[in-house]
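# Structure at a glance
Here are the chains, one letter per residue:
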Amino acid sequence: MDNEIHDFLLKHLRSIQENNIPVYYETTTGDLTLYEWWVTPHRLDGLPFHEFMMTSNASRGSIFGAEDQGRKAESRLDLANLHIQRYGDTAVASYTLLISTALAEGVKVAAHNESRVIVKLNGEWKVVHVHKSPAYSAPHIQP
């Protein structure tokens, strides 16, 4: 396990979970590219999309849009099957992101397969690209 990349990745992901925009900016490049399958089938570029989402979530007291009747919901994140590949000043982290949220009706778990490309720029690690895909058993052959 590459502890340096692992610790950086957790810091980055927790900044998103906690709607911490300054740390998100600290850990992400301004020219970020990403694919989020549930948002749009097209590539998203830059930080404004997530800043808007995080600001909106923070104002509602929610995390990733999860609310429990207007109260801030408790949540946690886990990285299942984390694999880190490091090549000098570049790393690729792939895993299944599990977000567990405690709601009045019980705990809800959202899962996404993710890959994050992380590059050391001017001595600091930054996420430069994210690719997410659904974590379910999709049919291989369409009828």
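Look up: the structure comes first, before these words.
The following paragraphs examine the structure supplied in this document. (Residues numbered from 1 in each chain as written. Predicted model: local features only at pLDDT ≥ 70, side-chain atom pairs only at ≥ 80, totals over all residues. Heavy atoms only, no water.)

### Side note on the sheet that holds strand β2 (residues 44-45)
- The strand order across the open sheet built from six strands is β2-β1-β8-β7-β6-β5, with neighbouring strands paired in mixed fashion. Looking at which strands have only one partner, the edges of the open sheet turn out to be β2 and β5 (74-87).
- Looking at chain direction, β5 and strand β6 (residues 90-103) are connected through twelve bridges and run antiparallel. Bridging from a neighbouring strand, H83 pairs with S94 of β6.
- Helix α1 (residues 3-17) rests against β1 (28-35), β5, β6, β7 (106-121) and β8 (124-134) of the sheet, and its axis sits at about 145° to β5. (Pairing = 2+ DSSP bridges. Helix = DSSP H or I, 4+ residues; strand = E, 2+ residues; numbered from the N terminus. Contact = heavy atoms within 4.5 Å. Axes fitted to C-alpha atoms, helices over the stretch in contact; angles between N-to-C directions.)

### Considerations on α1
- Given a rise of 1.5 Å per residue, 15 residues ought to cover 21 Å, and the 21 Å separating the end C-alpha atoms of α1 matches this to within 8%.
- Of the residues making up α1, those classed as buried are I5, H6, F8, L9, L10, H12, L13, S15, I16 and Q17. (Expected span 1.5 Å × (residues − 1). Buried < 20%, exposed > 50% of the residue type's maximum accessible area, 1.4 Å probe, protein only.)

### Re the pattern of salt bridges
- Using the criterion set out here, one finds nine salt bridges in the structure.
- Its salt-bridge partner being K120, residue E4 comes within 3.7 Å of it at the nearest N-O pair. Taken together, the residues span a long stretch of sequence, with E4 in helix α1 and K120 in strand β7 at a distance of 116 residues.
- Note that D45 and R43 form a salt bridge whose closest N and O atoms lie 2.7 Å from each other.
- The class of D45 is partly exposed, set by a relative accessible area of 47%.
- A relative accessible area of 45% means that R43 is categorised as partly exposed.
- Overlapping salt bridges bring together D2, E4, R86 and K120 as one network. (Salt bridge = Lys/Arg side-chain N within 4 Å of Asp/Glu carboxyl O.)

### Observations concerning the pairing of β1
- Sheet topology note: the β1/β8 ladder contains four bridges and is parallel. Within β8, the position partnered with Y35 by the bridge is H131.

### Some thoughts on unusual backbone geometry
- Positive phi is not limited to glycine here, since N19 has a value of about 55°.
- Residue placement: N19 occurs in the loop between α1 and α2 (21-26).
- Residues other than glycine seldom take positive phi values, yet N122 does so here, at roughly 50°.
- Counting through the fold element by element, N122 comes out in the loop between β7 and β8.

### So, the nonpolar core
- L32, L77, L79, Y95 and I118 are the most contacted members of the largest nonpolar core, which has 25 residues in total.
- Where this core is concerned, the elements lending two or more residues are α1, α2, β1, β5, β6 and β8.
- Top contributing element to this core by residue count: α1, with six residues.
- Excluding residues that lie within four positions of it along the chain, Y95 makes contacts with L9, L13, L79, A80, N81, L82, H112, N113, E114 and R116. (Core = buried A, V, L, I, M, F, W, Y, C linked by side-chain atoms within 4.5 Å.)

### Some details on the environment of F8
- If you trace the backbone, F8 turns up in helix α1.
- F8 gets classed as buried once you look at its relative accessible area, which sits at 10%.
- Here the alpha-carbon distance between F8 and W125, two residues 117 residues apart in the chain, equals 7.4 Å.

Everything listed here is a matter of coordinates, which is why it stays silent on function.
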